[in-house]
Amino acid sequence: MKKLLTIALMALSMTANAQEKEKKTLIELPQWVKNIKFSGYGMLQYQGQDPEGEHSNTFNLRLARFILDGKIGDFDWRAQIQGTNVKGPGEPTVQMIDLYAEWRRFPEFKIRAGQFKRAFTYENPTNPITQGWYAYANVINNLSGFGDRTGEKSSGGRDIGIQFSGDLFPNASGRRLFHYQIGVYNGEGINQKDKDNKKDIIGGVWVMPIKGLRIGAFGWTGTRGELTMTKTDGSTVTIESARKNRYALSAEYDKDEYTFRAEYLHSQGLGAKEMLGDKADGWYAFGIVPVIKSKLHAKARYQTYRDNKEWNRAKTMYEIGCNYYFTKNLQVNLEYARVNDRTLAKHNYNFVDVQFDFRF
């Protein structure tokens, strides 16, 4: 019995020593590593439309995103990679879309540097999976740095630069009533160096008089370093430092799953096609409301884009649909639109879009 007891004590002693040794060999990870968060999402799509002579319907891999977020002291940072069929089916594009750090010690004054969303409009900064529609409004796509009318490659509303922003004037409950943001950018879109050593300056301000409501205005002045314009005879000409001057007026109410937003955008500056002239504008308004809280939302949107600021080239869409959430990480979006495109011989046609989105 004594022998068995001795062996048991020796075994316990050896186990304790081994555990102590193992503890000593463990490496304590620094806090900034522990703060790293990995996430992402995918968006699958079916789309059909029937303009005269150009009927189409197709399944599509809209996009996939992989995101790293982190925090180091007073700095937040993000790295985001996207894969998409932005050039069309069979021509996928994989690229870095976000890479920035932001100093956030004070809510009144923050500094962000790197590649990120331009400080222009309310809709531009919204995430595709939470934006609520088959795509951003046509005026946002053309005048906020997505597939821009200047011919800039699709940049998801982003550019490389530095931005200053802040929230001021807290009320009695601590909610801040005024926001400002101003950024200096290359003016060429994502993953592009400045081609003319001239910078874009973009800024915006808004007031928030009641919870959920914000009313604002934005301005943008700058250049496109090299703008290749197609002339009416089919030839092309490259213009250096093509001027861009734009503004936007915006209003939004977003509270308790009710979202209403309207924006008007105006642009002055040459586009990629000579026939369009140097002016363009557009607007949209939408509402998304809960039918079943956190489960089913109904939606309607009206939008118009005029790529020459004339009605003879206006494209207007009247859209209705719904978004259904199986869980907070799994949703399906349905949408129907009646389209009036003045550039077509037969202006009116139908459009449908179905998207299946998931997060991880």
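Residues numbered from 1 in each chain as written. Predicted model: local features only at pLDDT ≥ 70, side-chain atom pairs only at ≥ 80, totals over all residues. Heavy atoms only, no water.

### Considering the overall build of the chain
Phase 1: Counting its regular elements, the chain contains 4 helices and 16 strands.
Phase 2: In terms of its C-alpha atoms, the chain occupies a principal-axis envelope of roughly 105 × 50 × 45 Å.
Phase 3: Buried positions account for 42% of the 360 residues belonging to the chain.
Phase 4: Contacts in the chain between residues at least 24 apart in sequence constitute 54% of all its contacts with a sequence separation of at least 6.
Phase 5: Working note: accessible area of the chain is about 19100 Å², and carbon and sulfur atoms make up 60% of it. (Helix = DSSP H or I, 4+ residues; strand = E, 2+ residues; numbered from the N terminus. Buried < 20%, exposed > 50% of the residue type's maximum accessible area, 1.4 Å probe, protein only. Contact = heavy atoms within 4.5 Å. Areas by Shrake-Rupley, 256 points an atom, 1.4 Å probe, with all protein chains shown as cover.)

### Description of the packing of aromatic side chains
Phase 1: For the coordinates displayed, the defined rule picks out 22 aromatic pairs.
Phase 2: A ring pair is formed by Y122 and F218, whose centres lie 5.7 Å apart and whose planes are at 85°; its orientation type is edge-to-face. Pair noted here: Y122 is in the loop between strand 5 (109-117) and helix 3 (128-131) and F218 is in strand 9 (residues 213-230), with a separation of 96 residues, a long-range link. Of the two residues, Y122 and F218, neither departs from the other in class, the shared state being buried.
Phase 3: Between Y136 and F146, the aromatic rings sit 4.7 Å apart at their centres with planes inclined by 45°, giving tilted as the arrangement. (Phe/Tyr/Trp six-rings, centres within 6.5 Å; stacked < 30°, edge-to-face > 60°.)

### Observations concerning the environment of D196
Phase 1: Tracing the chain through its elements places D196 in the loop between strand 7 (176-185) and strand 8 (200-207).
Phase 2: Judged by its relative accessible area of 13%, D196 is buried.
Phase 3: A sequence separation of 31 residues divides D196 from L227, and the C-alpha atoms of the two residues are 11 Å apart.
Phase 4: Not counting chain neighbours up to four residues away, the residues in contact with D196 comprise E188, T223, R224, G225 and S241.

### A short note on the pairing of strand 1 (residues 37-49)
Phase 1: Pairing of strand 1 with strand 2 (residues 56-72), which is carried by 13 bridges, proceeds in the antiparallel orientation. For K37, the partnering residue across the bridge sits in strand 2 and is D69.
Phase 2: Linking two consecutive strands that pair antiparallel, namely strand 1 and strand 2, is a turn of 6 residues; a positive phi of about 80° is found at G53 within it.
Phase 3: Pairing analysis gives 9 bridges linking strand 1 to strand 16 (residues 348-359), with the strands arranged antiparallel. When the bridges of strand 16 are listed, Q49 appears paired with F351. (Pairing = 2+ DSSP bridges.)

### Considering the pattern of salt bridges
Phase 1: Taken as a whole and assessed by the stated rule, the structure comprises 23 salt bridges.
Phase 2: Measuring nitrogen to oxygen at the nearest pair gives 2.7 Å for the salt bridge that ties R78 to D69.
Phase 3: For R78, a relative accessible area of 22% puts it in the partly exposed group.
Phase 4: A cluster of three or more residues bridged by salt bridges with shared partners is formed by K71, D76, E102, R104 and R112. (Salt bridge = Lys/Arg side-chain N within 4 Å of Asp/Glu carboxyl O.)

### Describing unusual backbone geometry
Most peptide bonds take the trans configuration, and most residues that are not glycine carry a negative phi.
Phase 1: With a phi close to 60°, N197 is a non-glycine residue in the positive phi region.
Phase 2: Residue placement: N197 occurs in the loop between strand 7 and strand 8.
Phase 3: Accessibility expressed as a relative area gives 70% for N197, which makes it exposed.
Phase 4: Residue D256 is not a glycine yet carries a positive backbone phi of 55°.
Phase 5: Inspection of the secondary structure assignment puts D256 in the loop between strand 10 (236-255) and strand 11 (258-268).

### A look at the nonpolar core
Phase 1: Within the largest apolar cluster, 25 residues are counted, with the highest numbers of intra-cluster contacts made by F120, V139, I140 and L265.
Phase 2: Considering each element in turn, this core owes the most residues, 4 residues, to strand 12 (residues 279-292).
Phase 3: M317, A337, Y349 and F351 belong to the second largest nonpolar core, which has 7 residues in total. (Core = buried A, V, L, I, M, F, W, Y, C linked by side-chain atoms within 4.5 Å.)

### With respect to the pairing of strand 14 (residues 314-327)
Phase 1: Bridge count between strand 13 (residues 296-306) and strand 14: 11 bridges; the pairing is antiparallel. Paired with H297 across the bridge in strand 14 is N323.
Phase 2: Counting the residues in the hairpin turn of strand 14 and strand 15 (residues 330-341) gives 2 residues.

### Observations concerning the side chain of E335
Phase 1: Here E335 lies in strand 15.
Phase 2: Side-chain polar atoms of E335 contact the backbone nitrogen of Y134, separated by 3.0 Å.
Phase 3: With residues up to four places along the chain from it excluded, the contact list for E335 reads W133, Y134, K299, R301, E319, I320, G321, F351, V352 and D353. (Polar contact = N/O pair within 3.5 Å; in protein donor to acceptor, adjacent residues only side chain to side chain.)

### Section: the environment of E123
Phase 1: Within the secondary structure, E123 is located in the loop between strand 5 and helix 3.
Phase 2: By relative accessible area, which is 0% here, E123 ends up buried.
Phase 3: If near-sequence neighbours (up to four positions away) are discounted, E123 is found in contact with Q131, Y136, A137, I140, R261, E263, Y284, F286 and R301.
Phase 4: Looking at E123, its side chain comes within polar contact range of the side chain of R261, at 3.0 Å.

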